[in-house]
There are 2 protein chains.
Amino acid sequence: MTYKVQQKLIDDSNKNKELYLPSVSIDCTVFGFSEGILKVLLIRLKQAKQWGLPGGYLKKEEDLHTAAQRILRDRTGAGEIFLNHFNTYGAPYRSQGFFKDYPDDLWNKQRFISIAYYALIDFSTLTPTPGEYTKSAEWIDLHELPELMMDHGQILEDALIQLRRDLNYKPIGLNLLPPKFTMPELQKLYETLLDKKLNRGNFYRKMMRYGILTKLNETRKGGAHKAPDLYSFNQEVYEKTLKEGLQESW
Amino acid sequence: MTYKVQQKLIDDSNKNKELYLPSVSIDCTVFGFSEGILKVLLIRLKQAKQWGLPGGYLKKEEDLHTAAQRILRDRTGAGEIFLNHFNTYGAPYRSQGFFKDYPDDLWNKQRFISIAYYALIDFSTLTPTPGEYTKSAEWIDLHELPELMMDHGQILEDALIQLRRDLNYKPIGLNLLPPKFTMPELQKLYETLLDKKLNRGNFYRKMMRYGILTKLNETRKGGAHKAPDLYSFNQEVYEKTLKEGLQESW
């Protein structure tokens, strides 16, 4: 960490105090899927050795969702991404180690309760760009995670649990597939998100029971095997399901 | 609202500023079930006309869960209750109307982001007792809800949606039944929480598939009809399921 970077944080302390609400921060876990690989969007702040989740503060009169979008844009160059709030992190000394070399009156050194969001997008649609306070912003394979700053490792782990849980009642991530897709492609998406193999027959029956798929009168041509059937999403049921949940409930 | 009550809030403003973290509050939605009735624990603050959820502030070095327990105890006399965090409410002017008659420098009048928790208990085990800032604390039938203060109506509605969603992957509320119970008693619990009738055969099959019930070699004696079978929970599977979720997932 250079003196210049540290000094900027100290210089910005009063500006931050004016601009942001005290005690509240926001952290975003953005998962990226493409072609059978699951990644997560991580950054390195200029003053940090370790990687972390894109995070920041809430402006005094700003809505939480607006703030989460802005923070993600400022840290990584992301466009609009639908973010799901899933948990809140408030251990009293969660950021103490991170700011230990800074004066106690540094605005950023106070206790922050972090409101956590997650999202799932196609990582090929976003090339991360570091912002004013970020020296790196990258998609990192979930199987090659570095150790993360503060409690960000825990937040990321919880976000993944929540994503997997949400798969049970929301058609999450289905918009990551092309408009026409095969059942093996859909299964591969689920297997990647869950990081486990699924039984083909069970997967097919469960997915059809949800009623969100339309079987097309077309097959995928060109392979060595029997041409697999193509499916698309029933847009109307899909929209309804996003709101009301998949019909696997009581 | 009497002058005395209003003055106390103003007098406590500096004390609050010393004691609590700015910008962060906590609200608790406690549902109560007993004998086929679902209620919610509501309070009236001394300065309020409307009912609301038990809520309060976070001490400067206090853990969020500890604070939620303390607030619930202070407002309603509740003992230890397991609380689930489910959402966060941060609309910029959510409490503006509530404190409009107070001076702008009142500590309580600042913007608060509220961390929301819900719980489900047996309401016959808790007789609510109003605390220092509460003039009433009562169990109120969900079918007879009054209009609530601020955004508490929305918080309560969301808590109920979350409770119902959680029923799909956690054995929630099953500890509200006696150690030995009949399938109709269990179904009645679910029907009360969901506020709808369920098909007897489907309910039985789904519940048995979860593997958390043990069928006992006993029946409930005494009724006019055929004596119904008794069940108990398989404690080991029940504990595991509370952690890992019911096996209805992918």
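Residues numbered from 1 in each chain as written. Chains lettered and ligands numbered in written order. Predicted model: local features only at pLDDT ≥ 70, side-chain atom pairs only at ≥ 80, totals over all residues. Heavy atoms only, no water.

Per an unreviewed UniProt entry, chain A goes by the name NUDIX hydrolase and belongs to Fulvivirga sediminis.

*Asks:* Run through the domain arrangement of chain A, naming residues and quoting values.
*Replies:* Size of an interface, as often reported, equals the accessible area lost when the parts are brought together. Residues and elements named next belong to chain A. Taken as a whole, chain A is organised into domain 1 (3-153) and domain 2 (174-244). One C-alpha centre belongs to domain 1, the other to domain 2; they are set 34 Å apart. When the buried area of domain 1 at its contact with domain 2 is split by residue, F33, L38 and L120 rank highest and sum to 63% of it. Counting across the interface, domain 1 meets domain 2 through zero salt bridges. On the surface where domain 1 and domain 2 come into contact, there are one residue pair in polar contact (both at pLDDT 80 or more). (Domains from an automatic or database assignment. Buried area = accessible area lost by both parts, 1.4 Å probe. Salt bridge = Lys/Arg side-chain N within 4 Å of Asp/Glu carboxyl O. Polar contact = N/O pair within 3.5 Å; in protein donor to acceptor, adjacent residues only side chain to side chain.)

*Asks:* For the environment of L45(B), give the residues involved together with the corresponding values.
*Replies:* Residue and element names in this part refer to chain B. The residue L45 is located in strand β2 (residues 37-45) in this model. Exposure remark for L45: the relative accessible area of 14% places this residue in the buried category. Separated by 84 residues in sequence, L45 and T129 place their C-alpha atoms 13 Å apart. With residues near it in sequence (within four places) discarded, L45 still touches R75, F98, Y133, T134, K135 and M149. (Helix = DSSP H or I, 4+ residues; strand = E, 2+ residues; numbered from the N terminus. Buried < 20%, exposed > 50% of the residue type's maximum accessible area, 1.4 Å probe, protein only. Contact = heavy atoms within 4.5 Å.)

*Asks:* How would you sum up the relation of the copies chain B and chain A? Please name residues and give values.
*Replies:* Note that the two copies of the chain are related through a rotation about an axis and a translation along the same axis. Of the transformation superimposing chain B on chain A, the axial component is 0.0 Å and the angular component is 180 degrees, with the fit at an RMSD of 0.0 Å. Accordingly, the operation relating the two chain copies is best matched by a two-fold axis. The fraction of interface residues of chain B whose copies in chain A are also interface residues reaches 100%, indicating that both copies meet through the same surface. (Least-squares fit on C-alpha atoms with pLDDT ≥ 70 in both.)

*Asks:* I'd like a rundown of the interface of chain B and chain A, residues and numbers included.
*Replies:* Chain B puts 36 residues into the contact, and the matching count from chain A is 36 residues. Note on chain B versus chain A: buried area summed over both sides is about 2,900 Å², and carbon and sulfur give 60% of it. On inspection of chain B and its partner chain A, the count reaches 13 residue pairs in polar contact (both at pLDDT 80 or more). Where the side of chain B that touches chain A is concerned, the elements lending two or more residues are β1 (20-34), β3 (55-59), β4 (84-89), β5 (113-122), α5 (183-194) and α6 (200-209) of chain B. Grouping the amino acids of the side of chain B that touches chain A by side-chain chemistry returns 19 nonpolar, seven polar and 10 charged. (Nonpolar A, V, L, I, M, F, W, Y, C, P; charged D, E, K, R; others polar.)

*Asks:* Before we move on, could you go through the side chain of Q69(A) and cite the residues and values that matter?
*Replies:* Residue and element names in this part refer to chain A. Relative to the assigned elements, Q69 resides in helix α3 (residues 64-76). Using a relative accessible area of 17% as the deciding quantity, one classes Q69 as buried. Apart from residues no more than four positions distant in its own chain, Q69 is found in contact with G79, E80, I81, F82 and L83.

*Asks:* How would you summarise the pattern of salt bridges if you had to cite specific residues and measurements?
*Replies:* All names here are of chain A. Counted by the stated rule, this structure contains 26 salt bridges over all chains. Of the charged contacts, one joins E218 and K180 as a salt bridge, the two residues approaching to 2.8 Å between their closest N and O atoms. Of the two residues, E218 sits in strand β7 (residues 213-219) while K180 sits in the loop between α4 (152-166) and α5 (183-194), which places them 38 residues apart along the sequence. The network of salt bridges with shared partners includes K8, D12, K15 and E132.

*Asks:* Could you give an account of the pairing of strand β6 (residues 134-141) of chain A, naming the residues involved and the relevant values?
*Replies:* Residues and elements named next belong to chain A. Of all eight residues in β6, six are buried; the element is thus mostly enclosed. Where strand β2 (residues 37-45) and β6 come together, seven bridges link them in antiparallel fashion. Bridge pairing links L41 to W139 in β6. (Pairing = 2+ DSSP bridges.)

*Asks:* For the packing of α5(B) against α6(B), give the residues involved together with the corresponding values.
*Replies:* Residue and element names in this part refer to chain B. Two elements in contact, α5 and α6, have axes whose closest approach is 11 Å; the angle formed by their N-to-C orientations is 95 degrees. If you check the angle between α5 and α6, you find them roughly perpendicular. Contacts between α5 and α6 pair M183, L186, Q187 and Y190 from the former with R200, F203, Y204, M207 and M208 from the latter. Here the residues of the contact of α5 with α6 sort into seven nonpolar, one polar and one charged. (Axes fitted to C-alpha atoms, helices over the stretch in contact; angles between N-to-C directions. Parallel < 35°, antiparallel > 145°, perpendicular 65-115°, else oblique.)

*Asks:* So what's going on with the packing of aromatic side chains? Residues and values would help.
*Replies:* All names here are of chain A. Under the criterion given, the structure shown has 24 aromatic pairs over all chains. On the numbers, 4.9 Å between centres and 90 degrees between planes, the contact of F98 with F99 is edge-to-face. According to the relative accessible area criterion, F99 is buried, its value standing at 5%. Ring geometry for F99 versus Y102: centroids 5.8 Å apart, planes at 70 degrees, classification edge-to-face. One aromatic cluster in this structure is built from Y20, Y57, W107 and F112. Looking at K39, its charged tip hangs above the ring of F123, at a distance of 4.5 Å from the centre. (Phe/Tyr/Trp six-rings, centres within 6.5 Å; stacked < 30°, edge-to-face > 60°. Lys NZ or Arg CZ within 6 Å of the ring centre and 35° of its normal.)

*Asks:* Let's hear about the UniProt feature "domain: Nudix hydrolase" (unreviewed entry) in chain A: which residues, and what values?
*Replies:* Taken from the UniProt record, the annotation "domain: Nudix hydrolase" (unreviewed entry) applies to residues 19-162 of chain A. Annotated as residues 19-162 of chain A, this span is 17% helix and 37% strand, and its ends, taken at the C-alpha atoms, are 32 Å apart. (UniProt positions renumbered as here; feature names shortened; annotations may be inferred.)

*Asks:* Could you give an account of unusual backbone geometry, naming the residues involved and the relevant values?
*Replies:* Phi at E35(A) takes a positive value of approximately 45 degrees, unusual for a residue other than glycine. Judged by its relative accessible area of 77%, E35(A) is exposed. We note that D195(B) has phi near 55 degrees; this positive angle belongs to a residue other than glycine. Here D195(B) is to be found in the loop between α5 and α6. We classify D195(B) as partly exposed; its relative accessible area is 48%.

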